[in-house]
Amino acid sequence: MIRVRRSAMSISRRQFLKGVAGSGLVLAAGVSSTEARMSKKLPPEAVGLLYDATLCIGCKSCMVNCKIYNSVPGGALYKEGVASGVTDSLRCSKTEQTEKMASPPYETDGIEGNEGVWDAAEDLSGKTLSIIKAYRNGSGERKDTPVNGHAFFKQQCLHCITPACVSVCPAGAFVKDPHNGVVYYEAYRCIGCRYCQIACPFNIPRYEWDSVWPEVRKCQLCHHRFKEGKYSACAEFCPTGATIFGKVVELREEAKRRFNLKPGSRYDYPIRTLGAKEVNTRTVAPYADRIYGLNEAGGTQNLMLSGISFDLLGFSKKIPDSALPDLTWAYIAKIPWVFLAVFVGGTGIHAITGRLDKNRKEKGGGHD
Amino acid sequence: MIDFTRYIGQTAGGAMNRLLDDSHSKHLGIKMDTPFTRFLILLMAAAALVAVYRLGWGLRASTHMNDYWPWGLWISFDVLGGVAMAAGAFLIAGAVYILNWKKYQCIARASILNAFFGYLLAAISITLDVGRSFVIWHPLIMWQVNSVMFIVALHLVLYLSTLATESSPMVFEKLGWQRALHIVGRGMIGAVMFGVALSLLHQSSLGANYLIVPGKLSPLWYSKLLPYLFLVSSIMMGLSMVSFETILTGKVFNHKTPLDVLEGLSRGVVLVGSLYCAMKIGLLAAGPGFGALIDGGFLGVMWLLEMAVGVVIPVALLAKRSNRRNLDTIFVASILVILGVLLNRLDVGIFAISDYANRTGADYFPSAMELILTSGMIAFAILGFKVCAKYLNLFPETDH
Ligand code: SF4
Ligand code: SF4
Ligand code: SF4
């Protein structure tokens, strides 16, 4: 596998080395905040998903196939075993693994008589990277209506343009591909501090709490399938076109177009990928609210549309519209200056107070 | 006493004998075999068992943390609290070595040692808290400078080494290694400055860790000034910790308490405490507003409790000059500050995300094993300090 070069990060690393490790106070200015900050631009070939809840019928085909297609080597759920995980971590490198997992990690907890045949995921977890949940109100009769209605919604990693999870990981285990923008995870680097879980504004990364050599799990957009010319499994196996795969710039256009459609008119919704010949022609339902992912946390590569406001669906209302890593970088960029100030100031003060002390001792017989 | 030269040869045995010689602390009257010591050892043994269990069976088996509460008691209390408790060292070391305030010389060693244990506690706890304890060193070779956590990890290692350097004269003195003593003595100013810079950064970095979660932390605690709030409160805590410990060791070890030193520390608490109080109230007014204390329900109560216990009452107690010369008042005020700041760390680390996490139905209360490990860590710090007080010259008499 070709390893992706982390250009943005290695620049910042070098800059930082200059600034701090060389106790390089002279070079403090070398840490230019603009260079070291994580990129806030959409990567050139950025890909993502558009999930349109008004088309979703809750069949969960996306969930099932997510597990199946991520249980192969390279997939986000794939794990060969504790022993090889430990050796990879200790050797700080990744071994090529080839065996398929015996079965996808279905969640069977708490359901009696269920011997692993039925997947009963209730939430995202170390075994579930993408989940369809249901909204229901009152009689629940009418789809995509807040009152006395029902709706489905999907939760998964949104692949932020400037991801908090990447910026906080102390070991660089989370990586944003500079080319296609996929946020993926390199297990061998991870120390398991779970800062990524704290930092993600959408609460996406999940931990393998039960494992003695745990991994962090989240959707990686099936990036292991890209090199075979395939794309995200959830989009490939969605029968209605509720989840489609495509380039982010085009997905944004499509989302805006749908958002402005007249409710009640007819529209050809493409299936699987944007620009697919196969379409699902149906009546447009009214869209509520906003295009989710356009601005949240500085923008994300996955976008969502819904007939019910995202606040009602339980999506956090408090996510800022700006890139979160800026908040911490403002602090980190000051660090070399603190060293500079303490050493220069400290030496000065020490010299002055030392002299005063000596003078006093000579005069006053050494009592302080 | 056992003569070690008979068992491990002249050189090593001689060094051992000198290390275990406690004649200099005779006047302190420290008895090792007491019921309290046994209790501490019991706690440590229980914690050791928990540590083994945690490593062998994973986090779910030993803790109540979950995907919505990924950080629990160990991070909030042992790490955030333990590090805050250690702030006394850089203040006293800075005062003595950089500002040449020689009057604080007599407590410098004790406060540096206390910090050493505080950081050790934090380091051990975080090692057990991370899911992959055996590769906790990864950040040191896999640099990721955007991460505050990386900064914290780097600082923890550097500062532990600095504290060890700052404490080493005690050991070298004991061993009679004049040359080593001389070398360390010459580098001391540099080490202290390095330590001061690291401490300023480390204390504030722990707050900076939470800058990335504006949407999760309750606005009662979230603020862009979090790093500075952590720094200022840790200074308040550090000063109180030194007072507390000086008075306590004075009481239990028959060690004369230097009153003018305590007075100086108390004045520091009043100044820093007032600044902290002003910052907190200013931020509350500028941010969520005073109404948030009432609307906040449980969180509002926690905020008020933390401020009352840790800031308002102790500052009020110490504001009067005569009270700053009263050992009992200082003692009580110090304990209040320590409790208040610990509560603040628990608030930021655990309670402040409760609105966010509970919304999803998740809940967190530390498991018995988490509590046992934390108690064991505290016991370790106390006992370690006691052992050092007995065998090292922790309270050099000031030369008059
Ligand atoms: S949604 Fe969360 S996990 Fe996904 S890229 Fe953004 S910050 Fe990372
Ligand atoms: S848990 Fe692993 S991936 Fe997440 S921040 Fe920590 S080291 Fe990085
Ligand atoms: S997104 Fe598609 S595959 Fe998934 S539940 Fe909805 S309709 Fe089914």
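Residues numbered from 1 in each chain as written. Chains lettered and ligands numbered in written order. Predicted model: local features only at pLDDT ≥ 70, side-chain atom pairs only at ≥ 80, totals over all residues. Heavy atoms only, no water.

Looking only at helices and strands, chain A has 11 helices and 12 strands in total. The buried share of chain A, taken over its 368 residues, is 54%. In chain A, the share of contacts with a sequence separation of at least 24, taken over all contacts with a separation of at least 6, comes to 61%. (Helix = DSSP H or I, 4+ residues; strand = E, 2+ residues; numbered from the N terminus. Buried < 20%, exposed > 50% of the residue type's maximum accessible area, 1.4 Å probe, protein only. Contact = heavy atoms within 4.5 Å.)

Tallying secondary structure elements over chain B gives 17 helices and 0 strands in all. Here the C-alpha radius of gyration of chain B, 22 Å, is about what a compact globule of 400 residues would show, namely 21 Å. Its C-alpha atoms put chain B at 65 × 55 × 45 Å along the principal axes. In chain B, which comprises 400 residues, the share counted as buried stands at 61%. Partitioning the intrachain contacts of chain B with sequence separation of at least 6 by distance along the chain shows that 80% fall at a separation of at least 24. Carbon and sulfur atoms make up 70% of the accessible area of chain B, which totals about 15700 Å². Positive and negative side-chain charges of chain B, numbering 28 and 21 respectively, have mean locations separated by a distance of 5 Å. (Rg over C-alpha atoms; globule rule 2.2 N^0.38 Å. Areas by Shrake-Rupley, 256 points an atom, 1.4 Å probe, with all protein chains shown as cover. Lys, Arg positive; Asp, Glu negative; His and termini not counted. Charge placed at Lys NZ, Arg CZ, Asp CG, Glu CD.)

This part takes up the site of ligand 1. Near ligand 1 lie 14 residues; those nearest to it are Cys-157, Cys-160, Cys-165, Cys-200 and Phe-202 of chain A. In the shell around ligand 1, the residues fall into 12 nonpolar, 1 polar and 1 charged. (Near = heavy atom within 4 Å. Nonpolar A, V, L, I, M, F, W, Y, C, P; charged D, E, K, R; others polar.)

Once that is clear, we can look at the packing of aromatic side chains. Residues and elements named next belong to chain A. A full pass over the atoms with the stated rule returns 25 aromatic pairs over all chains. Consider the rings of Phe-174 and Tyr-185, whose centres lie 5.4 Å apart with planes at 55°: the pair is tilted. With Phe-174 in strand β5 (residues 174–176) and Tyr-185 in strand β6 (residues 183–185), this pair connects stretches of sequence that are 11 residues apart. Take Tyr-185: its relative accessible area is 10%, and that puts it in the buried class. Through a chain of ring-to-ring contacts, the aromatic side chains of Phe-153, Phe-202, Tyr-292, Phe-310 and Phe-315 assemble into a single cluster. Over the face of the ring belonging to Tyr-207 we find Arg-194, whose NZ or CZ atom lies 5.5 Å from the ring centre. (Phe/Tyr/Trp six-rings, centres within 6.5 Å; stacked < 30°, edge-to-face > 60°. Lys NZ or Arg CZ within 6 Å of the ring centre and 35° of its normal.)

Turning next to the interface of chain B and chain A. In this complex, chain B contributes 66 residues to the contact, which on the side of chain A involves 75 residues. Across the chain B/chain A interface, buried area totals approximately 6200 Å², and carbon plus sulfur atoms make up 63% of it. Linking chain B with chain A are 2 salt bridges, by the criterion used here. The closest approach of N and O atoms between Arg-60 of chain B and Asp-210 of chain A, which form a salt bridge, is 3.0 Å. Counting the contacts that link chain B with chain A gives 39 residue pairs in polar contact (both at pLDDT 80 or more). (Buried area = accessible area lost by both parts, 1.4 Å probe. Salt bridge = Lys/Arg side-chain N within 4 Å of Asp/Glu carboxyl O. Polar contact = N/O pair within 3.5 Å; in protein donor to acceptor, adjacent residues only side chain to side chain.)

What follows deals with the site of ligand 3. The local shell around ligand 3 holds 14 residues, among which Cys-56, Cys-59, Lys-60, Cys-62 and Cys-238 of chain A are the closest. A class-by-class count of the residues in the shell around ligand 3 yields 9 nonpolar, 4 polar and 1 charged.

This next bit is on the packing of helix α11 (residues 226–252) of chain B against helix α12 (residues 259–286) of chain B. The packing of two helices is summarised by the inter-axis angle and the distance between the axes. Residue and element names in this part refer to chain B. Running from amino to carboxyl end, α11 crosses α12 at an angle of 155°, the nearest separation of the two axes being 9 Å. By the angle class used here, α11 and α12 are roughly antiparallel. Read as a crossing pair, α11 and α12 show a hand that is left-handed. Taking contact as the criterion, the partners of Tyr-228, Leu-229, Val-232, Ser-233, Ile-235, Met-236, Leu-239, Ser-240, Val-242, Ser-243, Thr-246 and Ile-247 in α11 are, on α12, Leu-262, Leu-265, Gly-268, Val-269, Val-272, Gly-273, Leu-275, Tyr-276, Met-279, Lys-280 and Leu-283. Of the residues in the contact of α11 with α12, the class split is 16 nonpolar, 6 polar and 1 charged. (Axes fitted to C-alpha atoms, helices over the stretch in contact; angles between N-to-C directions. Parallel < 35°, antiparallel > 145°, perpendicular 65-115°, else oblique. Left-handed = near helix turned anticlockwise from the far one by under 90°.)

As a further point, take the packing of helix α5 (residues 73–85) of chain B against helix α17 (residues 368–391) of chain B. Residues and elements named next belong to chain B. Their axes nearest at 10 Å, the elements α5 and α17 cross at an angle of 10°. Taken together, the axes of α5 and α17 lie roughly parallel to each other. Residues Leu-73, Trp-74, Phe-77 and Asp-78 of α5 form the contact with α17, whose participating residues are Met-369, Glu-370, Leu-371, Leu-373, Thr-374, Met-377 and Ile-378. The residue inventory of the contact of α5 with α17, partitioned by class, reads 8 nonpolar, 1 polar and 2 charged.

What follows deals with the side chain of Ser-168 of chain B. With respect to the helices and strands, Ser-168 of chain B occurs in helix α9 (residues 148–175). Among the polar contacts made by the side chain of Ser-168 of chain B, one reaches the main-chain carbonyl oxygen of Thr-165 of chain B at a distance of 2.6 Å.

All names here are of chain A. This model, assessed by the stated rule, comprises 27 salt bridges over all chains. For Arg-290, the salt bridge identified is with Asp-289, shortest N-O distance 3.2 Å. Overall, the relative accessible area of 35% leaves Asp-289 in the partly exposed class. Linked through salt bridges whose partners overlap, the residues forming this network are Asp-52, Glu-254, Arg-257 and Arg-258.

Of note, Phe-237 of chain A is situated in the loop between α8 (233–236) and β9 (243–247). For the pair formed by Phe-237 of chain A and Asn-137 of chain A, sequence separation is 100 residues and the distance between their alpha carbons is 29 Å.

Okay, the sheet that holds strand β4 (residues 149–155) of chain A next. All names here are of chain A. Taken together, 3 strands build an open sheet; the order of strands is β2-β4-β3 and the sheet is mixed. The open sheet has two free edges, formed respectively by β2 (131–136) and β3 (142–143), since each of these has just one partner strand. For β2 and β4, the ladder comprises 6 bridges, and the chain directions are antiparallel. Bridge pairing in β4 places Arg-136 opposite His-150. (Pairing = 2+ DSSP bridges.)

On to a nonpolar patch on the surface. A contiguous nonpolar patch, built from Leu-90 of chain A together with Leu-55, Phe-134, Trp-137, Leu-140, Ile-141 and Val-157 of chain B and spanning about 610 Å² of accessible area, is present on the exposed surface. Structurally, the position occupied by Phe-134 of chain B is in the loop between α7 (105–129) and α8 (138–141). (Patch = residues over 30% accessible without salt bridge, like charges linked within 9 Å, V, L, I, M, F, W, Y side chains within 5 Å.)

A word on the sheet that holds strand β12 (residues 303–305) of chain A. Residues and elements named next belong to chain A. Read across the open sheet, the 3 strands follow the order β9-β1-β12; overall the sheet is mixed. Each end of this open sheet is capped by a strand with a single partner; those strands are β9 and β12. Taking the axes of each pair of neighbouring strands and ignoring which way they run, one obtains an average angle of 20° across the sheet. Inspection of the sheet shows strand β1 (residues 47–52) paired to β9 by 5 bridges, in the antiparallel sense. Residue Leu-49 lies in a different strand from β9, and its bridge partner there is Phe-245.

What follows deals with helix α10 (residues 325–332) of chain A. Side chains that are three or four residues apart share a direction in an α-helix, a result of its 3.6 residues per turn. The buried fraction of α10 of chain A is high, at 6 of 8 residues. Within α10 of chain A the residues assigned to the buried category are Pro-325, Leu-327, Thr-328, Trp-329, Tyr-331 and Ile-332 of chain A.

What follows deals with the environment of Ile-330 of chain B. Relative to the helices and strands, Ile-330 of chain B is located in helix α15 (residues 327–349). Excluding anything up to four places from it in sequence, Ile-330 of chain B contacts Ser-243, Ile-247, Leu-262, Ser-266, Leu-318, Asn-323 and Arg-324 of chain B.

With that settled, the discussion passes to the confidence of the model for chain B. Predicted coordinates in areas of low pLDDT are best not read in detail. Averaged over every residue, the pLDDT of chain B is 89; residues scoring 70 or more account for 98%. The least confident element of chain B is helix α1 (residues 5–8) of chain B, whose mean pLDDT is 80; the most confident is α15 of chain B, at 95. (pLDDT = per-residue confidence, 0-100.)

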